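What the coordinates show
Residue strings, one per chain:
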Amino acid sequence: RGAHAPPVQELDVDGLPHMAAAPSPGSDSRYEVSGGEEGPPSSQRSPTMQAAAIQQANRDFLTACEDFVREYNHRGRIALARGDIPAAHKNLLEAQKLVEGDLAGHRALTALTYNNLGCLLRRGGDPPKG
C-alpha cells in the first residue's frame, strides 16, 4: 500500500532532535551583511535612521537571547526527565548565564530558569540548595 517510514531525525550531542542551523549570511537576503540594505548606505543615513536601525538590532538580539533561554530550559527539562543530570546541568547553566547577563531583569525567564535549576538540584541529590 505504499506506506512510508517516517524520516529519521538526527540527534545532537545531548541526544535531542537536531535544531536546524540558522541561515548563513548571504544565503537569505534578510541576512545580507552589506550592500543588501534598502535605502542609502549606512554612511549616508540620517542619525534618526541609524538610531532606529540600532534599536531594531538591539530588539532582535534580545529576542534571540530569549529564544535561546527558552530552548536551553526546554532541553534541560527533557534531559532531567530522562535522568541525564549532566546534560540538564549544562543546558540550564547556559540559560542562567543569559538571564544573569543580557536578559537581567526579565522576570519570567529568570523564574523559569531558577525553577528548573531548583528541580535539577533536588533530583541531583542536593535538596537544600534546590
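So, a few notes on the structure that sits alongside this text. Everything quoted here is computed from the prediction, not taken from an experiment.

1. What to know about the pattern of salt bridges
One pass over the full model with this rule turns up four salt bridges. A salt bridge links Arg82 to Asp84, with the nearest nitrogen and oxygen atoms 3.5 Å apart. On the accessibility criterion, Arg82 (42% relative accessible area) is partly exposed. According to the relative accessible area criterion, Asp84 is partly exposed, its value standing at 26%. Measuring nitrogen to oxygen at the nearest pair gives 3.1 Å for the salt bridge that ties Glu94 to Lys97. Taken together, the residues span about one helical turn, with Glu94 and Lys97 both in helix α2 (residues 85–100) at a distance of three residues.

2. A short note on the packing of helix α1 (residues 47–82) against helix α3 (residues 107–123)
Between two packed helices, what matters for the description is the angle formed by their axes and the separation of those axes. At their nearest, the axes of α1 and α3 sit 10 Å apart, and the two run at 20° to each other. The orientation of α1 with respect to α3, classified from their angle, is roughly parallel. Pair α1 / α3 crosses with left-handed handedness. Packed against α1, whose contacting residues are Glu66, Val69, Arg70, Asn73, Arg77, Leu80 and Ala81, the element α3 presents Leu109, Leu112, Thr113, Asn116, Cys119, Leu120 and Arg123 at the interface. Taken together, the residues of the contact of α1 with α3 break down into seven nonpolar, three polar and four charged.

How each quantity is defined
- Residues numbered from 1 in each chain as written.
- Predicted model: local features only at pLDDT ≥ 70, side-chain atom pairs only at ≥ 80, totals over all residues.
- Heavy atoms only, no water.
- Salt bridge = Lys/Arg side-chain N within 4 Å of Asp/Glu carboxyl O.
- Buried < 20%, exposed > 50% of the residue type's maximum accessible area, 1.4 Å probe, protein only.
- Helix = DSSP H or I, 4+ residues; strand = E, 2+ residues; numbered from the N terminus.
- Axes fitted to C-alpha atoms, helices over the stretch in contact; angles between N-to-C directions.
- Parallel < 35°, antiparallel > 145°, perpendicular 65-115°, else oblique.
- Left-handed = near helix turned anticlockwise from the far one by under 90°.
- Contact = heavy atoms within 4.5 Å.
- Nonpolar A, V, L, I, M, F, W, Y, C, P; charged D, E, K, R; others polar.

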